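# Residue-level structure breakdown
Okay, here's what each chain looks like letter by letter:
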Amino acid sequence: MTAAPPAGSGTTETATGTPRRRAVAVLLGVALAALLADLGTKQLALAELTGREPLSVLGGAVYLTLTRNSGAAWSIGSDHTWIFPLITFAVIGWIAWMALRLRSLPWAVSLGLVLGGALGNLTDRIFRAPGHFVGHVVDMISLFDPYGQVWPVFNLADSSLVCGVVLAVFLELTGRQRDGSRAGAETAADAPADQRERA
């Protein structure tokens, strides 16, 4: 016979801690990959597209054109560049708080994409011209038009942010919780036994 582990031995903590550590590791890994991809493509764009006409890709469905954006999409808030780093710091703080109870790998991917995208554009805001915390973001991808007349010119950080938010909305709509549980499963478990039997 195997003796039961003594109370307070930490077995439960280990069992719950491992999924959290795995989820946080995925979050950080996805964020790092998104950040490095964004920084790499920006440096490549600066090296190859500076002073050049837009390059047509996929028969004009995509154009590579170098722009610097002081605001958000469609240059919204271009006169208040300083506010975007503050918003980004708030997003980073929110993700850090969410990570405290994170057990879901899909949510880890979603939050990692948002974090990586936010850090990519924050790096531009802090370190690029014209100055610290008012730097202009490097954009280089334009859809269906060489100068962003159809859709705002964007970068991989923007794509990462959008994909992360879309995934988060999908997870919310399908009842997937950040702690790894399912909203529908919790409701069924809380229902009276006779209702569960009829269902």
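## Focus on the confidence of the model for the protein
- This prediction gives the protein a mean pLDDT of 87; 81% of its residues lie at or above 70.
- In this model residues 8-15 is a low-confidence stretch, pLDDT under 50, and it forms 1 contact with partners more than four residues away in sequence or in other chains.

## Points about the pairing of strand β3 (residues 137-143)
- Counting buried positions along β3 gives 6 out of 7 residues, so the element sits mostly inside the fold.
- In terms of strand pairing, strand β2 (residues 62-69) meets β3 through 6 bridges, oriented antiparallel. Counted as the bridge partner of Val 62 is Leu 143 from β3.

## Points about the side chain of Asp 38
- Along the chain, Asp 38 falls in helix α1 (residues 11-49).
- Taking the relative accessible area as the measure of exposure, Asp 38 reaches 0% and is therefore buried.
- Ignoring sequence-local partners within four residues, the contact set of Asp 38 consists of Gly 120, Asn 121, Asn 155, Leu 156 and Ala 157.

## Brief notes about the nonpolar core
- Counting 13 residues, the largest nonpolar core has Leu 27, Ile 95, Leu 102, Trp 107, Ala 108, Leu 111 and Leu 115 as its most contacted members.
- Of all the secondary structure elements, the ones that give two or more residues to this core are α1, α2 (83-99), α3 (105-127) and α4 (156-173).
- For this core, the element with the most residues is α3, which contributes 5 residues.
- Once residues within four sequence positions are removed from consideration, Leu 111 is found in contact with Leu 27, Trp 94, Ile 95, Met 98 and Leu 102.

## Focus on the packing of aromatic side chains
- All chains considered together, the criterion is met by 0 aromatic pairs.
- Stacked on the ring of Trp 107, the Lys or Arg Arg 178 has its end atom at 4.6 Å from the ring centre.

## Overview of the side chain of Arg 125
- Mapped onto the secondary structure, Arg 125 falls in helix α3.
- One buried charge, Arg 125, has no salt-bridge partner; the nearest side chain with opposite charge is Asp 124, at 7.4 Å.
- Within the structure, Arg 125 has its side chain in polar contact with the backbone oxygen of Gly 71 (distance 2.7 Å).

## Focus on the pattern of salt bridges
- Under the defined criterion, the tally for this structure stands at 5 salt bridges.
- With its nearest N and O atoms 2.9 Å apart, the salt bridge here joins Lys 42 to Asp 124. Of this pair, Lys 42 sits in helix α1 while Asp 124 sits in helix α3, and the two are 82 residues apart along the sequence. Of the two residues, Lys 42 and Asp 124, both sit in the buried class.
- Here Arg 178 makes a salt bridge to Glu 172, at a shortest N to O gap of 2.9 Å.
- What makes Arg 178 buried here is its relative accessible area of 16%.
- When salt bridges that share partners are traced, they join Asp 38, Lys 42, Asp 124 and Arg 128 into one network.

Conventions adopted
- Numbering of residues starts from 1 in every chain and runs along the sequence as written.
- The model is predicted, so local features are restricted to residues of pLDDT at least 70 and side-chain atom pairs to those at 80 or more, both for listing and for counting; the totals for chains, interfaces and linings are taken over all residues.
- Hydrogens and water molecules were not included; the side-chain quantities draw on all heavy atoms of the structure.
- Confidence scores labelled pLDDT are given residue by residue by the predictor and lie between 0 and 100.
- Here a residue-residue contact requires only that any non-hydrogen atoms of the pair lie within 4.5 Å.
- Here's how the labels work: a residue is buried when its accessible area is under 20% of the maximum for its type, exposed when over 50%, partly exposed in between, all with a 1.4 Å probe on protein chains only.
- Helix numbers and strand numbers start at the N terminus; a helix is a DSSP run of H or I with at least 4 residues, a strand a run of E with at least 2.
- Two strands qualify as a pair provided that DSSP identifies no fewer than 2 bridges between them.
- Residue types Ala, Val, Leu, Ile, Met, Phe, Trp, Tyr and Cys, when buried and joined through side-chain atoms within 4.5 Å, form a set referred to as a nonpolar core.
- Note on aromatic contacts: the rings of Phe and Tyr and the six-membered ring of Trp form a pair at centre separations within 6.5 Å, being stacked when their planes are under 30 degrees apart, edge-to-face when over 60 apart, and tilted otherwise.
- A positively charged side chain is recorded as over a ring if its NZ (Lys) or CZ (Arg) lies within 6 Å of the ring centre. The angle to the ring normal must also be within 35 degrees.
- Within this scheme the basic residues Lys and Arg register as positive and the acidic residues Asp and Glu register as negative, but His and the chain ends are omitted.
- Salt bridges are counted wherever a side-chain nitrogen of Lys or Arg sits within 4 Å of a carboxyl oxygen of Asp or Glu.
- As used in this structure description, the phrase polar contact means that two N or O atoms lie within 3.5 Å; if the pair is within protein, one of them must be able to donate a hydrogen and the other to accept it, and residues adjacent in sequence are counted only when both atoms belong to side chains.

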